[in-house]
Amino acid sequence: MATRVRPSNKRCAVIGGSGFLGRHLVEKLLDRGYSVSVFDIRQSYELSGVTFHQGDLCDKQALLPAMKDVSLVFHCASPAPASDDRGLFERVNIQGTRTVIQACIEAGVQKLVLTSSASVVFEGTDIKNGREDLPYAKKPIDYYTETKIEQEKLVLEACDKEKGFLTVAIRPHGIFGPRDPQLVPILVDTARRGKMKFIIGDGTNLVDFTFVENVVYGHILAAERLRSDSPICGKPYHITNDEPVRFWDFMSEVLVGLGYAAPRYHLPYTLVYGLALLLWLLALILRPLVSFKPTFTPMRVALAGTHHYYSCDRAKQDLGYKPVVSLKDGIARTVQSYPHLRQGA
Ligand SMILES: NC(=O)C1=CN([C@@H]2O[C@H](COP(=O)(O)OP(=O)(O)OC[C@H]3O[C@@H](n4cnc5c(N)ncnc54)[C@H](O)[C@@H]3O)[C@@H](O)[C@H]2O)C=CC1
Ligand SMILES: CC(C)=CCC[C@@H](C)[C@H]1CC[C@H]2C3=C(CC[C@]12C)[C@@]1(C)CCC(=O)C[C@@H]1CC3
């Protein structure tokens, strides 16, 4: 019988390593002396110390070479929420995650760290200081979140101390930072189209925005503390900046930092939500004839007009987590990193 090479503690794989969070994670892992295989459907950069494996995570045969001699796998791949493609979310986030788990077990991987999302408990109504024991959303805000719930359940249920396969899920919220393809670009695009004049609701709703390096730190702590005798096996952990901020203050700070005007005029939440719902229905009905994507979707209005911030006490206690970059510094570094999105650029 062929003897399996014992995987090195410092060898890991990052599925989704070409993405925004994935690449920051890869860079930090390299700093900490890990050697890294990246598995992604696309290759977005080259870096010494990183081996790239290009493929679809739904294909086990494509995944296995990336997991060879690897003891630790991070799974942070997902289709972008904005794609709004139910079939794709189900295929990648649910079936694909099953395949990732099977491949890990077959390759002898000992630890799997999933990037989940704090939104798995969000139903579009206020969450204040939500803890991990909140139930999963019965009515998730979109298909993406629906499949993130199933994905998290699959990974946490796969945790098996007897078989030596340990899993944990990190639930970040509102990740931002340099190279983010979503938050700042969407915001700037909306401002450039003259649609960032209004504040939805009274503007006092508090939200977590989390600087990407804090999210990375949470992932690495979870990976390094994941042992069969630790309390974290099979559990989810909120990772935030631990500084809930008014949604509209955060947006204004980024906008003003990039040279755009901050929104000023208030619109009632229920009115905007109702209009967004109407537009969404219209887009659905007209889909066979014309295709249009409204800026104001009900999901976006709910995100912009409700409280949704989470306690990370469990991460502090079990992982020794504490944000390493403050919100103020995170915003400053983010704004600086987007010279091409400045007003007039
Ligand atoms: N950005 C945010 O605010 C938040 C993100 N998350 C989660 O964090 C993770 C990373 O998100 P981001 O870095 O923002 O997204 P991203 O879109 O920048 O990165 C995702 C990566 O997954 C890859 N990917 C997608 N489908 C694949 C497939 N079938 N096979 C292989 N690779 C595939 C993409 O090519 C991409 O590089 C995702 O799981 C997301 O659900 C959770 C909470 C908030
Ligand atoms: C905290 C959290 C979950 C953030 C997620 C990021 C995105 C969902 C947001 C990034 C930019 C936001 C944005 C809006 C909604 C939520 C975002 C897409 C609006 C469309 C809300 C309505 C407006 O007035 C314009 C906003 C532009 C930016």
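Reading the values: the criteria
- Within any chain, residue numbers begin from 1 and follow the written order of that chain's sequence.
- Here every chain gets a letter starting at A, and every ligand a number starting at 1, in the order they are written.
- With pLDDT at 70 or above as the cut-off, local features in this predicted model cover only qualifying residues; side-chain atom pairs require 80 or more to be listed or tallied, and sums for whole chains, interfaces and linings still use all residues.
- Water and hydrogen atoms play no part in the side-chain values, which are based on all heavy atoms of the structure.
- Proximity is defined per residue: any heavy atom of the residue falling within 4 Å of a molecule or strand makes that residue near it.
- Every accessible area reported is derived by Shrake-Rupley at a probe size of 1.4 Å, with residue values counting cover from the shown protein chains alone.
- Here a strand is any run of E in DSSP of at least two residues, a helix any run of H or I of at least four, and the numbering for each starts at the N terminus.
- Under the scheme applied, nonpolar residues are Ala, Val, Leu, Ile, Met, Phe, Trp, Tyr, Cys and Pro; charged residues are Asp, Glu, Lys and Arg; polar residues are all the others, including Gly.
- UniProt positions are given in the numbering used here, feature names are shortened, and annotations may be inferred rather than shown by experiment.
- Summary of the burial criterion: residues with accessible area below 20% of their type's maximum are buried, those above 50% are exposed, and those between are partly exposed, where the area comes from a 1.4 Å probe applied to protein chains only.
- Distance and chemistry together define a polar contact, namely a pair of N or O atoms within 3.5 Å, with one atom able to donate a hydrogen and the other to accept it when in protein, and with adjacent residues in sequence counting only for side-chain atoms on both sides.
- Each direction from the helix axis to a C-beta atom contributes to the arc, which is the arc of those directions.
- Note on definitions: a residue-residue contact is assigned when non-hydrogen atoms from the two residues lie within 4.5 Å.
- Think of it this way: a Phe, Tyr or Trp ring, Trp meaning its six-membered ring, pairs with another when their centres are within 6.5 Å, and the plane angle makes it stacked under 30 degrees, edge-to-face over 60, tilted otherwise.
- For a lysine, the NZ atom is tested; for an arginine, the CZ atom; a charge sits over a ring if that atom is within 6 Å of the ring centre and within 35 degrees of the ring normal.

## Describing the site of ligand 2
Among the 17 residues in the neighbourhood of ligand 2, the closest are listed as His173, Met196, Val207, Phe296 and Leu303. Contact with the protein chains removes 92% of the 600 Å² of surface that ligand 2 exposes when unbound. Elements with a contribution of two residues or more to the shell around ligand 2: helix 5 (183-192) and helix 9 (298-305). Within the shell around ligand 2, the residues separate by chemical class into ten nonpolar, five polar and two charged.

## With respect to the UniProt feature "domain: 3-beta hydroxysteroid dehydrogenase/isomerase" (unreviewed entry) in the protein chain
The positions that UniProt labels "domain: 3-beta hydroxysteroid dehydrogenase/isomerase" (unreviewed entry) are, in the present scheme, residues 13-264. Secondary structure content for residues 13-264 is 35% helix and 20% strand, and the end C-alpha separation is 46 Å.

## A closer look at unusual backbone geometry
Located in the positive-phi region is Asn129, a residue other than glycine, with phi close to 55 degrees. Relative to the helices and strands, Asn129 resides in strand 6 (residues 127-130). Since its relative accessible area comes to 44%, Asn129 is described here as partly exposed. Look at Asp242: it is not a glycine, yet its phi comes out positive at around 60 degrees. Relative to the assigned elements, Asp242 resides in the loop between strand 12 (236-239) and strand 13 (245-246).

## A word on the site of ligand 1
Lining the immediate environment of ligand 1, one finds 24 residues, of which Phe20, Leu21, Asp40, Tyr144 and Lys148 sit closest. One of the backbone nitrogen or oxygen atoms of Ile41 is found 3.3 Å away from a nitrogen atom of ligand 1. One nitrogen or oxygen atom from the side chain of Tyr144 is found 2.5 Å from an oxygen atom belonging to ligand 1. Taken by itself ligand 1 offers 820 Å² of open surface, and the protein chains cover 89% of this. At the level of elements, helix 1 (20-31) and helix 4 (143-157) are the ones that each hand at least two residues to the shell around ligand 1. Split by residue class, the shell around ligand 1 holds ten nonpolar, ten polar and four charged.

## Some points on helix 11 (residues 327-336)
Of all the residues in helix 11, the buried ones are Leu327, Gly330, Ile331, Thr334 and Val335. One face of helix 11 carries all of its buried residues, which in axial projection span an arc of 125 degrees. When the buried face of helix 11 is taken as reference, the exposed residues oriented beyond 90 degrees from it are Lys328 and Gln336. Elements that come into contact with the buried residues of helix 11 comprise strand 8 (175-176), helix 5, strand 11 (210-211), strand 13 and helix 7 (247-257).

## Comments concerning the packing of aromatic side chains
Geometry of an aromatic ring pair is reported as the spacing of the ring centres plus the angle between the planes. Inspection of the entire model under this criterion finds ten aromatic pairs. Each ring, one from Phe89 and one from Tyr144, has its centre 5.8 Å from the other, and the planes form 65 degrees; the classification is edge-to-face. Of this pair, Phe89 sits in helix 3 (residues 86-107) while Tyr144 sits in helix 4, and the two are 55 residues apart along the sequence. The pair Phe89 / Tyr144 is uniform in exposure class, with both members buried. Pairing Tyr217 with Tyr321 gives two aromatic rings, centres 6.1 Å apart and planes at 40 degrees, and the pair type is tilted. Taken together, the positions of Tyr217 in helix 6 (residues 212-225) and Tyr321 in the loop between helix 10 (313-319) and helix 11 put the pair 104 residues apart, joining distant regions of the chain. Each residue in the set Phe176, Phe209, Phe211, Phe247, Trp248 and Phe250 is aromatic and connected to the rest through ring pairs, giving one cluster. Between Lys10 and the ring centre of Tyr34, over which it is positioned, the NZ or CZ distance is 4.4 Å. A cation over an aromatic ring shows up here: Arg314 above the ring of Tyr237, its NZ or CZ 5.7 Å from the ring centre.

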